[in-house]
2 protein chains.
Amino acid sequence: MASSDSDVRADYSDTERQIFDAALRVFARKGKDGARMQEIADAADINKAMLHYYFRNKETLYAEVFAFTMHRFRASFGASLKEAPTFEETLRVFIEGYVEFVRSNGDAMRLMVNENLAGGTLLGEHLRRMKEDGQAPPQILIEKVEAAVEAGEIRPVDPHHTVLSVISTCIFFFVAKPTVREMHLEGDSWNAFVEDRKQHLFDLLYHGLAPRPDA
Amino acid sequence: MASSDSDVRADYSDTERQIFDAALRVFARKGKDGARMQEIADAADINKAMLHYYFRNKETLYAEVFAFTMHRFRASFGASLKEAPTFEETLRVFIEGYVEFVRSNGDAMRLMVNENLAGGTLLGEHLRRMKEDGQAPPQILIEKVEAAVEAGEIRPVDPHHTVLSVISTCIFFFVAKPTVREMHLEGDSWNAFVEDRKQHLFDLLYHGLAPRPDA
DNA sequence: GTCTATATCTCGATAGAC
DNA sequence: GTCTATCGAGATATAGAC
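Since this is a predicted model, take the numbers as computed values, not measurements. (Residues numbered from 1 in each chain as written. Chains lettered and ligands numbered in written order. Predicted model: local features only at pLDDT ≥ 70, side-chain atom pairs only at ≥ 80, totals over all residues. Heavy atoms only, no water.)

### Considering the relation of the copies chain B and chain A
When chain B is fitted onto chain A, the two copies agree to an RMSD of 0.1 Å after a turn of 180° and an axial shift of 0.0 Å. Between the two chains, the operation in question is that of a two-fold axis. The overlap is high: 100% of the interface residues of chain B also sit at the interface in chain A, so the same surface is used on both sides. (Least-squares fit on C-alpha atoms with pLDDT ≥ 70 in both. Contact = heavy atoms within 4.5 Å.)

### Re the environment of proline 159 of chain A
Topologically, proline 159 of chain A is positioned in helix H9 (residues 159–175). Spatially, the C-alpha atom of proline 159 of chain A lies 26 Å from that of aspartate 196 of chain A, the residues being 37 residues apart in sequence. (Helix = DSSP H or I, 4+ residues; strand = E, 2+ residues; numbered from the N terminus.)

### Describing the side chain of arginine 197 of chain A
Turning to its location among the elements, arginine 197 of chain A is positioned in helix H11 (residues 190–209). No salt bridge forms around the buried arginine 197 of chain A; measuring N to O, its nearest opposite-charge neighbour aspartate 158 of chain B is 7.8 Å away. Here histidine 161 of chain B takes part through its side chain, which lies 3.1 Å from a polar atom of the side chain of arginine 197 of chain A. (Buried < 20%, exposed > 50% of the residue type's maximum accessible area, 1.4 Å probe, protein only. Lys, Arg positive; Asp, Glu negative; His and termini not counted. Salt bridge = Lys/Arg side-chain N within 4 Å of Asp/Glu carboxyl O. Polar contact = N/O pair within 3.5 Å; in protein donor to acceptor, adjacent residues only side chain to side chain.)

### Here we look at the packing of helix H5 (residues 87–104) of chain B against helix H8 (residues 137–150) of chain B
Residue and element names in this part refer to chain B. Relative to each other, H5 and H8 sit at 160°, their axes nearing to 11 Å. As summarised for this structure, H5 and H8 are arranged roughly antiparallel, according to the angle between their axes. The chirality of how H5 crosses H8 is left-handed. On H8, the residues touching Phe87, Thr90, Phe94 and Tyr98 of H5 are Pro137, Leu141, Lys144, Val145 and Ala148. In terms of residue class, the contact of H5 with H8 is built from seven nonpolar, one polar and one charged. (Axes fitted to C-alpha atoms, helices over the stretch in contact; angles between N-to-C directions. Parallel < 35°, antiparallel > 145°, perpendicular 65-115°, else oblique. Left-handed = near helix turned anticlockwise from the far one by under 90°. Nonpolar A, V, L, I, M, F, W, Y, C, P; charged D, E, K, R; others polar.)

### Here we look at the interface of chain B and chain A
Each side of the interface is counted separately: chain B has 59 residues, and chain A has 59 residues. Across the chain B-chain A interface, the total number found is six salt bridges. Across the chain B-chain A interface, the total number found is 24 residue pairs in polar contact (both at pLDDT 80 or more). Of all the secondary structure elements, the ones that give two or more residues to the side of chain B that touches chain A are helix H1 (14–34), helix H6 (106–118), helix H7 (123–133), H8, helix H9 (159–175), helix H10 (177–184) and helix H11 (190–209) of chain B. Partitioned by chemical class, the residues of the side of chain B that touches chain A number 27 nonpolar, 17 polar and 15 charged.

This is the structure in structure tokens:
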């Protein structure tokens, strides 16, 4: 258990998880400084004093919520990435997995984006660890893109930019959900929009990467 | 001048613009609730009391900064979008213009994303106005995509999803700059990365949209 | 218009009864 | 473990001299 100085505890109680959910919801929308302990307590349906009983202060609460969220992100995502025979299948599975992850972990995404906007002091350590573990979703996909280029399955593209583009298109529409609703949806259902989006992204990216007959 | 109830004043003094710049910098990173008036005053290099002299309170300061930022966004961007003979040129010009805009208006982007994360109460009105004016960058590009589909210049894609994808790839890497630095840059220059990205995005999206010979 | 001082209030944090 | 009451820091906002 003493593997790394900032490992994530696995034995959170029910109340603690309840607090985590509430804290994540608030931190994700308002950021660390904008969030109010009272609002978190209300969302968790507990007394404000209990927050300080379980977590010394706001700073540690935020740090633990962030670490726990990143931990879940790695675990949940690694599991969703299956092996696929062709790059076409890999791309389809990745988009499906990523969009679904984003859909059901919206606040985790918002938290990470918020941390980026604020300067990302906490990100560094976590990202470095993800990179070293090779567990990061980007890292995995980058290698697959490299292999696909090597095998001539796709055009000779820059793996880093390519993966960044795939991820951007899977996340941004969700981060900017209020804007997207206003600009692109006129009373249509959000869920239907997300389903359409998965298909669109696969088409766009697949054709964007596939080799050109004339090239 | 009484065109609309929430029009943006055009006669801001030098001091007021100085405050706007500082306020935008802070609001963009910390959000409305996370920002501190003292920090804004320091960044603007004026006394904290002066903030309240020029703007009654935090709420109105934020509202005016947001409105002014959206106004500048519309104006600055509309001007950068030139007519182009082919869709290929349109796409290239759009990416160049958008990425450059994002690069030199990073805090404006961060502010909008922050507002989206927080729920986007202020966005609604502004976006609706942009849509009605037809001035919105997305709106303009959507029409060009529709026309290009019609003319057979590109594959029959959904214009809304397509434009959303273009915009996502132009903005997200910037919003997540700290993460991108950590994951994709190893001491390389950010400016060089941005230049590479413009080229990559054009390639990826152009091939993603171009008609298939075999289709 | 500018600054100091201060009023007012909100929020994070703790004490202490149960 | 839970709650009420409250302290004290820090934030917004204002008063008033210059």
